[in-house]
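Given next are the chains, with one letter for each unit.
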Amino acid sequence: MLEIKNLHANVDGREILKGLDLTLPTGEVHAIMGPNGSGKSTLAYVLAGKEDYEVTEGSITWNGKDLLDLDPSARAATGVFLAFQYPMEIPGVATMTFLRSAVNAVRKARGEDELSTPDFMRLVKEKAKGLKIDAEMLRRPLNVGFSGGEKKRNEILQMALLEPSLCVLDETDSGLDIDALRIVADGVNALRSKERSMLVITHYQRLLDYIVPDKVHVLSKGRVARSGGPELALELEKTGYAEFGGEATAA
Amino acid sequence: MDLSVQQFRSKAEQDYLDLYTKAEKALPGAGNPFVAALRADAIKAYGRLGLPHRRIEAWKYTDLRARIDEVHPLVTALGIPVSDEALEAALGSAIAAFPAYRIVIVEGELRVDLSDMSGLREAGVEVSSLSHLLEMPPEWLKAALGQVNPREDDAVLALNTALMTGGVALRLPEGLTLGKPIHLVHLDGTGEAASTFTRNVIAAEAGASATVLESYGSLGMTGLQRNAVTEIKIGDKAAINHIKIQREAPETIHLNVWLAALGADARYNGFQLSTGAALARNQVYVAFNGEGSSADISGACLGRDRQHCDTTLVVEHRVPACDSRELFKVVLDDEARGIFQGKVIVSPDAQKTDGKQMAQALLLSETAEFDSKPELEIFADDVVCGHGATSGQIDEDLLFYLESRGLPEPEARAMLIQAFVGEAFEVVDDEALREAFNAASAAWLGVEAG
């Protein structure tokens, strides 16, 4: 279970999160919605442990473990995975090399044996297939020259390989056409399980047609302003974020 | 009134002259008028030039007069036993195991017992110890030695010509395609602190193609002063990959000159990786003498502590329609200093020249320093020439991305550094060599190769 209590966080000395409370039980999928600037992406980065996101107050625990004590790689080992809104391009690192280093680093940290090359190749092949990622894409440098859809599929592939228990998806729908969205959503849904919690951050309701959440939280000015069931997302689709400090136009 | 000017010489400058005077009669080829004249002219030129210092523009960042206090005696040790383990330790396992015709030169002496040249002569390559050939140089050597791309103004080269005592002469006959690379291994440092002057001469005749790897390593640690020159003549339609890896002991002073000249429709791929030595000055002079040729001179330098690594290139486009490319990557930690000077000269006739140059540095500490000095001297009007230089630190966003995937910070950092230098390795065609370079950069970083 993820428990966030009274979370305050600064970016460049400006307070973005202002006393956020959130509980995400194990096995559930919660959506985080909200207008631009409400603190959605900041929450994602704080959960993953980005250095320049400074937590000034409050706590985050994952299954009773204090996440704020851990550096980003230790958080990954403990089961936290952030699917980036803008995945990084790294020329000179082959995607396959990167995947293998990540999988083995996480396995090592979890006290498991590193995978042999054939075992790893088999695993990647199996997981990549459903995401329509071919061998050619895996040979390319990490995310370099990838389309928006390819980058997001690659994020979900990493998620599948690292077997996290807490998945944070930051605007995974941004920049995707409807076909790409469906592939990505299918990939995410395939990973839903009783042991795995997910926080799906999105500006638009559209994604939630495909990844149906157990609960929806609306962020406003760095706090959870309202929580409800999936119907809350549909309501926001009609009314927009006006009452939460966003523009009045429907999303 | 006596108007002669009393020239001041530093101790080291005088030491070099004394070294020559003492060794002159015993140097290889001393009895041959051609060689003797070559040496005499060279020491005279050196006497006039002295050791390069910072007031000479090309030596602005690498002041040899200030850096060399005294000159060690010439190497004398011969027939030193060298075990396979020592050779592997000096070169790194990947380079030691690199599949090639292997010619090993220890303290300037070509060591047949350590070399593996079987099949090289049968393939048609003329190969000889340079010392041996200097006693009675054949015509092809006379046409190459000191003639490939002569430089009047280079004291390091002049000293080498005056004192050259070892190295290899290779002649690749017309049309020969050599499937297996030639690996020239240079090992030193077995005895007392010493100076060594090796010279390799490679003559690739029309249409010949080959890969030549030069590796430089230390067997022990005794303040070696190395002066190594390679002259490489590339005939019409010939294609040569010329690669160097230098990983010498931390006390070493490594002075290296490559002189290359291309005929028409020829190709030259030069690449250098430097991780060793206290001071390394790598000079590459390339001249295009025939139309339609291309050259790619690239490399990487990894430095830490107080290492000083200087790469200085001069590419002369003397004829039309030639392309030159340079990409250098420099990684510096601690108080290391990296220098890149790239001069491209396009003469008035050299229309349709295409020249591009890039130097990039990754600084891992606040105290590391990178100096880049591109110089374009263009006297033709229909050319495409460009240069660029960047200097930066590790991108924290990329680092976070890797860490968020479970890679501990040191590993994530190493992966980014390897990716940075790895881009330069792409120019190397030979996959086994690229892997050896990746292994060398991983070893430098203290991680396993990815």
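Here the structure is a predicted model, which means the values were calculated and not measured.

Draft legend 1. Region of the structure containing the domain arrangement of chain B. Residue and element names in this part refer to chain B. Looking at chain B, the domain boundaries give domain 1 (75-394) and domain 2 (395-449). Computed from C-alpha atoms alone, the centre-to-centre distance between domain 1 and domain 2 is 24 Å. Contact residues are listed per partner, giving 29 residues for domain 1 and 24 residues for domain 2. Carbon and sulfur atoms make up 78% of the area that domain 1 and domain 2 hide from each other, which totals about 2,300 Å². Our count for the domain 1 to domain 2 interface comes out at five residue pairs in polar contact (both at pLDDT 80 or more). At the level of secondary structure, the elements contributing two or more residues to the side of domain 1 that touches domain 2 comprise α5 (93-96), β9 (239-247), β11 (267-274), β13 (294-303), β15 (323-332) and β17 (354-363).

Draft legend 2. Here's a closer look at the sheet that holds strand β6 (residues 80-83) of chain A. Residue and element names in this part refer to chain A. Spatially, the six strands line up as an open sheet ordered β6-β9-β10-β3-β11-β12, and their pairing is mixed. Edge positions in the sheet fall to β6 and β12 (223-228), since each has one partner strand and no second. Direction aside, neighbouring strands of the sheet carry axes that sit 20° apart on average. Pairing geometry for strand β3 (residues 29-33) and strand β10 (residues 197-201), over four bridges, is parallel. Note on β10: the bridge partner recorded for Ile32 is Ile201. This element, helix α9 (residues 231-239), spans β3, β11 (215-220) and β12 of the sheet and lies at about 110° to β12.

Draft legend 3. Quick look at the pattern of salt bridges. Residue and element names in this part refer to chain A. Throughout the structure, instances matching the rule amount to 35 salt bridges over all chains. Salt-bridge contacts for Arg140 lead to Glu150; the nearest nitrogen and oxygen are separated by 3.3 Å. On the criterion of sequence distance, the pair formed by Arg140 in the loop between α5 (135-139) and β8 (141-142) and Glu150 in helix α6 (residues 148-162) is long-range, its members being 10 residues apart. The burial state of Arg140 is the same as that of Glu150; both residues are buried.

Draft legend 4. Structural detail: the sheet that holds strand β1 (residues 2-11) of chain A. Residue and element names in this part refer to chain A. Across the sheet, which stays open at both edges, the four strands sit in the order β2-β1-β4-β5 with antiparallel pairing between neighbours. Strands with a single pairing partner mark the edges of an open sheet, and in this sheet they are β2 (14-24) and β5 (65-66). Both strand β4 (residues 53-62) and β5 contribute to a ladder of two bridges, which runs antiparallel. Each bridged residue has a counterpart across the sheet, and for Trp62 the counterpart in β5 is Lys65. Sheet strands in contact with helix α1 (residues 40-48) are β1, β2 and β4, and its direction is about 110° off that of β1.

Draft legend 5. Main features of the pairing of strand β6 (residues 195-204) of chain B. Residue and element names in this part refer to chain B. Along β6, 10 of the 10 residues are buried, which leaves the element largely enclosed by surrounding structure. Covered by surrounding structure in β6 are Ser195, Phe197, Arg199, Val201 and Ala203 together with Thr196, Thr198, Asn200, Ile202 and Ala204, the residues of both alternating faces. Bridge count between strand β4 (residues 168-172) and β6: four bridges; the pairing is parallel. From the neighbouring strand, Leu170 faces β6, where its bridge partner is Ile202. The sheet contact formed by β6 and strand β8 (residues 225-234) spans 10 bridges and is parallel. Residue pairing in the sheet places Arg199 in a bridge with Val229 of β8.

Draft legend 6. Expanded view of the environment of B:Ala436. Residue and element names in this part refer to chain B. Of note, Ala436 is situated in helix α11 (residues 431-445). Ala436 sits 281 residues away from Ala155 along the chain, and the two C-alpha atoms are 33 Å apart. Those residues within four positions of Ala436 in sequence are excluded, and the remaining contacts are Ala94 and Ile95.

Draft legend 7. The arrangement of the side chain of A:Arg75 in detail. Residues and elements named next belong to chain A. Relative to the helices and strands, Arg75 is located in helix α2 (residues 72-78). The buried charged residue Arg75 lacks any salt bridge, with Asp71 as its nearest oppositely charged partner at 6.9 Å. Those residues in contact with Arg75 that lie beyond four places of it in its chain are Val46, Leu47, Ala48, Gly49, Leu67, Leu68, Leu70 and Val80.

Draft legend 8. Main features of the pairing of β12(A). Residue and element names in this part refer to chain A. Judged from the five bridges that link them, β11 and β12 form a sheet pairing that is antiparallel. Counterpart to Ser220 in the pairing with β12 is Arg223. Count of turn residues in the β11/β12 antiparallel hairpin: two residues, of which Lys221 carries a positive phi of about 50°.

Draft legend 9. Region of interest: the UniProt feature "domain: SUF system FeS cluster assembly SufBD core" (unreviewed entry) in chain B. In the numbering adopted here, UniProt assigns the feature "domain: SUF system FeS cluster assembly SufBD core" (unreviewed entry) to residues 191-420 of chain B. Split by type, residues 191-420 of chain B is 9% helix and 59% strand. Its first and last C-alpha atoms lie 37 Å apart.

Draft legend 10. Expanded view of the packing of helix α3 (residues 95-109) of chain A against α6(A). Residues and elements named next belong to chain A. In the contact formed by α3 and α6, the axes pass within 10 Å of each other and the chain directions differ by 30°. Classified by the interaxial angle, the pair formed by α3 and α6 is roughly parallel. In this structure, the crossing between α3 and α6 has a hand that is right-handed. For the pair α3 and α6, contact is made by Thr95, Phe98, Leu99, Ala102, Val103 and Val106 and by Asn154, Leu157, Gln158, Leu161 and Leu162, respectively. For the contact of α3 with α6, the class distribution of residues is eight nonpolar, three polar and no charged.

Draft legend 11. Fine view of empty space enclosed by the protein. Residues and elements named next belong to chain B. Here the structure, examined in full by the defined rule, presents four cavities of 30 Å³ or more. Taken together, Thr211, Asn241, Ile243, Asn269, Gly270, Phe271, Asp296, Val427, Val428, Asp429 and Asp430 make up the full set of residues lining the largest cavity. Mapped by element, the contributors of at least two residues to the lining of the largest cavity are β9 and β11. Counting residues per element, the lining of the largest cavity draws most heavily on β11, which supplies three residues. Among the residues making up the lining of the largest cavity, the classes are represented as four nonpolar, four polar and three charged. In terms of domain composition, the lining of the largest cavity takes at least three residues from each of domain 1 (75-394) and domain 2 (395-449). When its volume is computed, the second largest cavity comes out at roughly 60 Å³. Taken together, Tyr16, Ile68, Ser195, Thr196, Phe197, Gln225, Arg226, Asn227, Ile253 and Leu255 make up the lining of the second largest cavity. For the lining of the second largest cavity, the secondary-structure elements that each account for two or more residues are β6, β8 and β10 (253-262). Per-class residue counts for the lining of the second largest cavity are five nonpolar, four polar and one charged.

Conventions we followed
- Residues numbered from 1 in each chain as written.
- Chains lettered and ligands numbered in written order.
- Predicted model: local features only at pLDDT ≥ 70, side-chain atom pairs only at ≥ 80, totals over all residues.
- Heavy atoms only, no water.
- Domains from an automatic or database assignment.
- Contact = heavy atoms within 4.5 Å.
- Buried area = accessible area lost by both parts, 1.4 Å probe.
- Polar contact = N/O pair within 3.5 Å; in protein donor to acceptor, adjacent residues only side chain to side chain.
- Helix = DSSP H or I, 4+ residues; strand = E, 2+ residues; numbered from the N terminus.
- Pairing = 2+ DSSP bridges.
- Axes fitted to C-alpha atoms, helices over the stretch in contact; angles between N-to-C directions.
- Salt bridge = Lys/Arg side-chain N within 4 Å of Asp/Glu carboxyl O.
- Buried < 20%, exposed > 50% of the residue type's maximum accessible area, 1.4 Å probe, protein only.
- Lys, Arg positive; Asp, Glu negative; His and termini not counted.
- UniProt positions renumbered as here; feature names shortened; annotations may be inferred.
- Parallel < 35°, antiparallel > 145°, perpendicular 65-115°, else oblique.
- Left-handed = near helix turned anticlockwise from the far one by under 90°.
- Nonpolar A, V, L, I, M, F, W, Y, C, P; charged D, E, K, R; others polar.
- 1 Å grid on protein atoms, 1.4 Å probe; cavity = no way out; pocket = protein on both sides within 12 Å on 5 of 7 lines; lining within 4 Å.
- Points joined across faces, edges and corners; volume = space filled by probe spheres on them.

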